[in-house]
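Residues per chain are reported as follows:
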2 protein chains.
Amino acid sequence: MQPQTPAPPPSTGRALEHPARGAIRLEDVLHALSDPMRLRVVRTLAGEARELACSDIELPVSKSTTTHHFRVLRECGVINQIYRGTAKMNALRREDLDALFPGLLDSVLLAADGQDLRSGGSAGGGG
Amino acid sequence: MQPQTPAPPPSTGRALEHPARGAIRLEDVLHALSDPMRLRVVRTLAGEARELACSDIELPVSKSTTTHHFRVLRECGVINQIYRGTAKMNALRREDLDALFPGLLDSVLLAADGQDLRSGGSAGGGG
DNA sequence: GGCGTACTACGAGGGTTATCGTACGAGGGA
DNA sequence: TCCCTCGTACGATAACCCTCGTAGTACGCC
């Protein structure tokens, strides 16, 4: 589909470590999801159909703290991160999570939405 | 729903505080479930159809630590605790959790079972 | 090559948590 | 009544986690 766009070179050389599917631990995933900031990131990622850069997801914390949360999410296997130029794109590892823990991610997202509705607030959930 | 319960002496006088259904927070539940000891307790409780005393669930930690974990589970709304004589009976708050977070508990239990199978071990899961 | 943007690494601080040991209250049985 | 079991409270400790600021690296663009 790209006429002569300089084929988006993914990882420019820097590689990021991700746990293999089999190495993803339920406890780690639950722990990652139990943090409000990280849950917000996951919900935003789930709402968008595309990858998002770290800076696309605004969190009410500092830059370094944001980096920390993204790292936690990556290291526990919840998201996939790849470098694209100066940006780092993030995507949910839906297939892996659904294969390992069927229905878990969906029920968490649903629960988060429901809780927001009950709290009378609007948070990251919807698109 | 028990037809003939021989001894229904409920709380002996000491009352325990539980959060109302509406006060249960998803993040707290996920956090509670992210601890291996507490997850084991929840799985054991889910496997048994009846209430279990604290001492019925053996954990590889000291008694005071066990008390701590049960307290966390109760305060975040995952389990219900009532005194019965010298024992304290524990039960999952399935109805509340299912009403608030449909499918969440089941998917967590399923995920935990699946993970155990993959790890080649048999843990608390059961039913 | 120079500049700006995006993200990281490091070190630090403040709060929370998991763990333990010990001493103590509550209830049931002999 | 005495004693045993069950669970609790308290104090202590070490580890963890979230947060931040600053300095630094990698990349794209001009």
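Conventions we followed
Throughout this document, residue positions are counted from 1 along each chain, in the order its sequence is written. Chains and ligands are labelled by the order in which they are written, letters from A for the one and numbers from 1 for the other. In keeping with the predicted nature of the model, local features appear solely for residues at pLDDT of at least 70, side-chain atom pairs appear and are counted solely at 80 or more, and the whole-chain, interface and lining totals rest on all residues. The side-chain values count all of the structure's non-hydrogen atoms but skip hydrogen atoms and water molecules. Every helix listed is a DSSP run of H or I at least four residues long, and every strand listed is a run of E at least two residues long, numbered separately from the N terminus. Only protein chains enter the accessibility calculation, which uses a 1.4 Å probe. A residue is then buried if its area is under 20% of the maximum for its type, exposed if over 50%, and partly exposed in between. Contacts between residues were defined by any pair of non-hydrogen atoms, one from each residue, lying within 4.5 Å. Working definition of accessibility: Shrake-Rupley area with a 1.4 Å probe, residue cover restricted to the visible protein chains. A side-chain nitrogen of Lys or Arg and a carboxyl oxygen of Asp or Glu constitute a salt bridge if their distance falls within 4 Å. Two strands qualify as a pair provided DSSP detects at least 2 bridges between them. Where helices are involved, their axes are fitted lines through C-alpha atoms of the stretch in contact, as for all axes, and angles between N-to-C directions lie from 0 to 180°. Alignment of copies: least-squares fit on C-alpha atoms of residues with pLDDT of at least 70 in both copies. Two parts lose some accessible area (1.4 Å probe) when they are put together, and adding that loss for both gives the buried area. Two N or O atoms count as a polar contact when they lie within 3.5 Å, although within protein this holds only if one can serve as hydrogen donor and the other as acceptor, and sequence-adjacent residues are included solely when both atoms are side-chain atoms. Residues are sorted three ways: Asp, Glu, Lys and Arg are charged, Ala, Val, Leu, Ile, Met, Phe, Trp, Tyr, Cys and Pro are nonpolar, and all the rest, Gly among them, are polar. Helix span is expected to be 1.5 Å times the residue number reduced by one. UniProt positions are given in the numbering used here, feature names are shortened, and annotations may be inferred rather than shown by experiment. An angle below 35 degrees is treated as roughly parallel, one above 145 as roughly antiparallel, one from 65 to 115 as roughly perpendicular, and anything else as oblique.

Per an unreviewed UniProt entry, chain A goes by the name Transcription regulator ArsR and belongs to Streptomyces bingchenggensis.

Colleague: Is there a simple way to think about the overall build of chain A in this case?
Modeller: Each helix and strand in chain A was counted, giving five helices and three strands. The helix and strand sequence of chain A, counted from the amino end, reads α-α-β-α-β-β-α-α. By residue count, 43% of the 127 residues in chain A fall in the buried class. Long-range pairs, those at least 24 residues apart, make up 65% of the contacts in chain A between residues at least 6 apart in sequence. With an accessible surface of roughly 6900 Å², chain A has 52% of that area assigned to carbon and sulfur atoms.

Colleague: How should I be thinking about the pattern of salt bridges in this particular structure?
Modeller: One side chain can pair with another of opposite charge once the charged atoms of both are near each other. Inspection of every chain in the model, using the stated rule, returns 18 salt bridges over all chains. For the salt bridge of A:Arg43 with A:Asp113, the shortest nitrogen-to-oxygen distance reads 2.6 Å. On the criterion of sequence distance, the pair formed by A:Arg43 in helix H2 (residues 36–47) and A:Asp113 in helix H5 (residues 104–118) is long-range, its members being 70 residues apart. Residue classification places A:Arg43 among the buried positions, given a relative accessible area of 8%. Of the charged contacts, one joins B:Arg25 and B:Glu27 as a salt bridge, the two residues approaching to 3.6 Å between their closest N and O atoms. Salt bridges linked by common partners bring A:Arg21, A:Arg93 and A:Asp96 together as one network.

Colleague: Please clarify how the sheet that holds strand E3 (residues 87–92) of chain A should be interpreted in this entry.
Modeller: Across a sheet, paired strands are connected by hydrogen bonds in the backbone, their directions being either parallel or antiparallel. All names here are of chain A. Taking strand neighbours across the sheet as the criterion, the three strands line up as E1-E3-E2 in an open arrangement whose pairing is antiparallel. Both outer strands of the open sheet, strand E1 (52–53) and strand E2 (79–84), are each paired with one neighbouring strand and no more. Where E2 and E3 come together, six bridges link them in antiparallel fashion. Note on E3: the bridge partner recorded for Ile 82 is Met 89. This element, helix H3 (residues 63–75), spans E2 and E3 of the sheet and lies at about 120 degrees to E2.

Colleague: What am I meant to see in the relation of the copies chain A and chain B here?
Modeller: Note on the chain copies: they are related by a rotation about an axis and a translation along it. Once chain A is rotated about the relating axis by 179 degrees and shifted along it by 0.0 Å, it coincides with chain B to within an RMSD of 0.1 Å. The transformation relating the two chain copies, once decomposed into turn and shift, fits a two-fold axis. An overlap of 100% is found between the interface residues of chain A and their copies at the interface of chain B, pointing to a shared contact surface.

Colleague: What is the right way to read the interface of chain A and chain B from this model?
Modeller: Many authors give the size of an interface as the accessible area that is lost as the parts come together. Tallying the contact residues gives 23 residues for chain A and 23 residues for chain B. Between chain A and chain B the total buried area reaches about 1900 Å² when both faces are included, carbon and sulfur atoms providing 63% of it. The largest per-residue losses of area from chain A upon contact with chain B belong to A:Glu27, A:Leu30 and A:Gln115, which jointly make up 27% of the total buried on that side. One can count zero salt bridges joining chain A with chain B. Taken together, chain A and chain B are joined by seven residue pairs in polar contact (both at pLDDT 80 or more). Of all the elements in the fold, those that place two or more residues in the side of chain A that touches chain B are helix H1 (26–33), H2 and H5 of chain A. Here the element with the most residues in the side of chain A that touches chain B is H5(A); it accounts for eight residues. Partitioned by chemical class, the residues of the side of chain A that touches chain B number 14 nonpolar, six polar and three charged.

Colleague: How do you make sense of helix H3 (residues 63–75) of chain B when you look at a structure like this?
Modeller: The α-helix advances 3.6 residues per turn, and as a result positions three or four apart in sequence lie on the same side. All names here are of chain B. Between its terminal C-alpha atoms H3 stretches 18 Å, which fits the 18 Å expected from 13 residues at 1.5 Å a residue. Taken as a whole, H3 has its buried residues at Thr 66, His 69, Phe 70, Val 72, Leu 73 and Arg 74. The elements touched by buried residues of H3 are helix H1 (26–33), helix H2 (36–47), strand E2 (79–84) and strand E3 (87–92).

Colleague: Is there a simple way to explain the UniProt feature "domain: HTH arsR-type" (unreviewed entry) in chain A in this structure?
Modeller: Those residues carrying the UniProt feature "domain: HTH arsR-type" (unreviewed entry) are residues 18–112 of chain A in this numbering. Here residues 18–112 of chain A is 52% helix and 15% strand, with 26 Å between the C-alpha atoms at its ends.

Colleague: Can you help me understand the packing of H2(A) against H5(A) in this one?
Modeller: Residues and elements named next belong to chain A. Contact geometry for H2 and H5: axes closest at 11 Å, N-to-C directions at 105 degrees. Relative to H5, the element H2 is oriented roughly perpendicular. Along its contact with H2, which presents Leu 39, Val 42, Arg 43 and Ala 46, the element H5 presents Leu 105, Val 108, Leu 109, Ala 112, Asp 113 and Asp 116. Class assignment of the residues belonging to the contact of H2 with H5 gives a composition of seven nonpolar, no polar and three charged.

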